[in-house]
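Spelled out from the first residue to the last, the chains are:
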Amino acid sequence: MGYPHPSHPKETPVLSKHFGDPEARTFDGWVKHGGYEALRKAVGMTREAIIEEVKASGLRGRGGAGFPTGLKWSFMPKEAVKPHYLVCNADESEPGTFKDREIMRWTPHALIEGCAIGAYAIGAERCYIYIRGEFTEPWRVMSNAVDEAVARGALGANVFGSGKRVEMILHRGAGAYICGEETAMMNSIEGKRGNPRIKPPFPAVAGLFGMPTTINNVETLAAVPHILNRGAEWYKGLCLGNPKSTGTKLVSVCGHVQRPGNYEVVMGTPVREILYDMCGGPLPGRTFKAVIPGGSSVPIMTIEEAEAALFDYEGIVAQGSMLGSAGMIVMDDTTDMVYQIWRLAKFYAHESCAQCTQCREGTAWTTRIFERILSGKGKQEDFQLLLELSENMTGKTICVLSDSCAAPVVSGIQKFRSEFEAYIAGAREPAMAAV
Amino acid sequence: MSGKTGHGTTSTEEYAPVFAGPPRARLEELFALYPTKQACLLPALWIVQEERGWISERAIGEVAEVLGLTPAYVKGVVTFYTMYHTHPVGRHFIQVCTTTPCNICGAEDVVKALLQETGCGELGATSPDGRFTVIEVECLGACGFATPILVDNDFVENVTPEKVPGILQRYQ
Ligand SMILES: Cc1cc2nc3c(=O)[nH]c(=O)nc-3n(C[C@H](O)[C@H](O)[C@H](O)COP(=O)(O)O)c2cc1C
Ligand code: SF4
Ligand code: FES
């Protein structure tokens, strides 16, 4: 449902069906809605059979990269000679994205169940759920739910009497966007600075505490119980024509729309329907100008591109951007694109972990060049400088934070050049004092 | 270790250790949750901040000692994360999101209202009555409910400049 709004007929609520219902937060309430059936079933299956089912469903990672989940699980060693770990990524800090927090706030047991199934499937007896430090309420809800699940035998040394052990530990972040990157997250759990690691080795070989590890996003794991309950064929059927993108997806929509919020749609839904039918279109007297469809780290789309796009991994790529985390930032004609891209650059400069020179210097420089332009001191050469810097920040660093800063800059210059020109020509009042 | 390395000896004031009594028991429980002691660092720092309001040099020395790390290492970690305070802050700590999605919905006006109503005047400063400290933060993961603020542990959504005085009243 379109929490906090009533469900729209064009939505397909699977994960969000019980958002807003306090009863669903409790163990008994969850069981009443069919909860924990999938986990009971899973512990009676072989690890391989679960992985096969998830592979067949077509489920892809909802954390941003869209990697096939079943395939990722199959990279884990067959025999658990060393301890294996599952890490659930609940760091949700990508600007524009606020879906995982609703899953944790309203359906904590869905996540616990998904984590328990995932852990068993990859041969892990322990799962760490890394929750960003600012998520105080989701933390409380999750913490109570884990206690309940332990008390009711869904977690612990003997899951539902099966002899299988699954422990779940909540780990609190402390304010750092970069800890959402999977290898930075492992360092953070280990008590280190959240610096991403050079890959290889990949986490499935040497991850958390040097052991084979799988990291999955909250929404990815929360989808797993539904797949086991209703079958891979059902999940695969949730798609409007493109078999590479299956299932439902929570879209977080924010910015200049009438009804911002989370909406759950079948993959392949036209973006138009999300913007106009579900979100109610632009604010009175305004018109849409741009959409950043996948959280702030992807290229900006013009409204024409967005309106022509189908909402799934391939559909957004076909219109020049990426699905990312599916946090849609909608901007209308009142938006100063130069100023807002500056604000994004500032975000990345602040969040860079500073290990790579291109990223540390590039994000800071980019921010300063934008400040020069915004203060009316920009030059024509700044276009070239920004594009060269962006080129230097793409594909050359330990993680893709650096690329993420370049994406809105390059697409912004390409698609909204006249707004930059206006500042440079002095045709527009400076937005900030000279630096 | 802290005494020998000089950490915790810069002031003549008595330092009462954080990890005694119930906080110590909480720390011991943490040890069972991770295969290394070092992994308890973030949770241990959270305990210090809950108990003392901020993380002093001496507390850093104490954490280093209980976890078998060096104070320099612990400090490097503390300063990496934005939520740990390395200086005392007001009785109520307010974090306002001003990242792009909130920015286009008027977050900067909320910041102005907060700075004015609290008397803090500028970001990072504590109000003269010691009641508030206001800082700008990056995306709080609630972008659909612009502008969200975090007052201590309370998440408040859809904040507008007009709502600021009423919200502040709840925090004395
Ligand atoms: C800078 C950066 C930040 C990220 N932040 C998050 C995040 O907050 N949440 C998340 O689930 N994935 C995030 N990711 C993606 C993770 O690295 C990882 O791909 C994901 O958690 C894998 O889970 P999935 O396969 O279920 O999507 C981030 C990646 C990068 C490079
Ligand atoms: S690209 Fe940036 S954030 Fe990523 S590892 Fe390098 S410096 Fe750190
Ligand atoms: S941008 Fe403000 S909460 Fe995300």
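Each value, and the rule that gives it
Residues numbered from 1 in each chain as written. Chains lettered and ligands numbered in written order. Predicted model: local features only at pLDDT ≥ 70, side-chain atom pairs only at ≥ 80, totals over all residues. Heavy atoms only, no water. Contact = heavy atoms within 4.5 Å. Salt bridge = Lys/Arg side-chain N within 4 Å of Asp/Glu carboxyl O. Polar contact = N/O pair within 3.5 Å; in protein donor to acceptor, adjacent residues only side chain to side chain. Helix = DSSP H or I, 4+ residues; strand = E, 2+ residues; numbered from the N terminus. Domains from an automatic or database assignment. Buried area = accessible area lost by both parts, 1.4 Å probe. Nonpolar A, V, L, I, M, F, W, Y, C, P; charged D, E, K, R; others polar. Pairing = 2+ DSSP bridges. Buried < 20%, exposed > 50% of the residue type's maximum accessible area, 1.4 Å probe, protein only. Arc of directions from axis to C-beta. Axes fitted to C-alpha atoms, helices over the stretch in contact; angles between N-to-C directions. Parallel < 35°, antiparallel > 145°, perpendicular 65-115°, else oblique.

Draft legend 1. Representation of the interface of chain A and chain B in the model. Each partner contributes to the interface: chain A provides 58 residues, whereas chain B provides 42 residues. Here chain A is connected to chain B by three salt bridges. Here B:Glu138 ties to A:Arg343 by a salt bridge, and the two come within 3.2 Å at their closest N and O atoms. On the surface where chain A and chain B come into contact, there are 23 residue pairs in polar contact (both at pLDDT 80 or more). Looking at the side of chain A that touches chain B, the element that brings in the most residues is helix H14 (residues 337-351) of chain A, giving eight residues.

Draft legend 2. Examining the domain arrangement of chain A more closely. Residue and element names in this part refer to chain A. Once the domains are mapped, chain A shows domain 1 (22-236), domain 2 (248-332) and domain 3 (337-424). Between domain 2 and domain 3, the buried area comes to about 970 Å², and carbon and sulfur atoms account for 66% of it. The largest contributions to the domain 2 side of the interface with domain 3 come from Lys289, Ser296 and Ile300, which together make up 50% of the buried area. Linking domain 2 to domain 3 there are two salt bridges. Between Lys415 and Glu305 there is a salt bridge, with its nearest N and O atoms 3.1 Å apart. Of all the elements in the fold, those that place two or more residues in the side of domain 2 that touches domain 3 are strand S8 (288-292) and strand S9 (301-302). Considering each element in turn, the side of domain 2 that touches domain 3 owes the most residues, three residues, to S8. Looking at side-chain class alone, the side of domain 2 that touches domain 3 contains seven nonpolar, three polar and two charged residues.

Draft legend 3. Up close: the sheet that holds strand S11 (residues 327-332) of chain A. Residue and element names in this part refer to chain A. The strand order across the open sheet formed by five strands is S6-S5-S11-S8-S9, and the pairing between neighbours is mixed. Every interior strand has two partners, whereas the edge strands, strand S6 (261-266) and S9, have only one. Note: strand S5 (residues 248-255) against S11, four bridges, orientation parallel. Of the residues in S11, the one forming a bridge with Ser252 is Gly327.

Draft legend 4. A look at the pattern of salt bridges. Evaluation of the coordinates by the stated rule reveals 37 salt bridges over all chains. Close ionic contact of A:Arg105 with A:Glu137 constitutes a salt bridge, the shortest N to O distance being 2.9 Å. Pair noted here: A:Arg105 is in helix H5 (residues 100-106) and A:Glu137 is in helix H7 (residues 136-151), with a separation of 32 residues, a long-range link. Overall, A:Arg105 belongs to the buried group, its relative accessible area being 9%. Taking the shortest distance from any N to any O, the salt bridge between B:Arg24 and B:Glu28 comes out at 3.0 Å. Of this pair, B:Arg24 and B:Glu28 both sit in helix H2 (residues 22-31), four residues apart, which is roughly one turn of that helix. On the basis of relative accessible area, B:Arg24 is assigned to the partly exposed category, the value being 29%.

Draft legend 5. Expanded view of helix H11 (residues 271-278) of chain A. Residues and elements named next belong to chain A. Among the residues of H11, Val271, Ile274, Leu275 and Met278 are the ones counted as buried. An end-on view of H11 places all buried positions within 125 degrees of arc, on one side of the element. Directly after H11, the chain includes Gly280, whose backbone phi takes a positive value near 80 degrees.

Draft legend 6. Seen up close, the packing of helix H3 (residues 41-52) of chain B against helix H5 (residues 71-78) of chain B. All names here are of chain B. Between H3 and H5, the shortest axis-to-axis distance is 11 Å and the interhelical angle comes to 80 degrees. By the criterion of interaxial angle, the relationship of H3 to H5 is roughly perpendicular. Contacts from Leu41, Leu42 and Leu45 in H3 reach Tyr73, Val74, Val77 and Val78 in H5.

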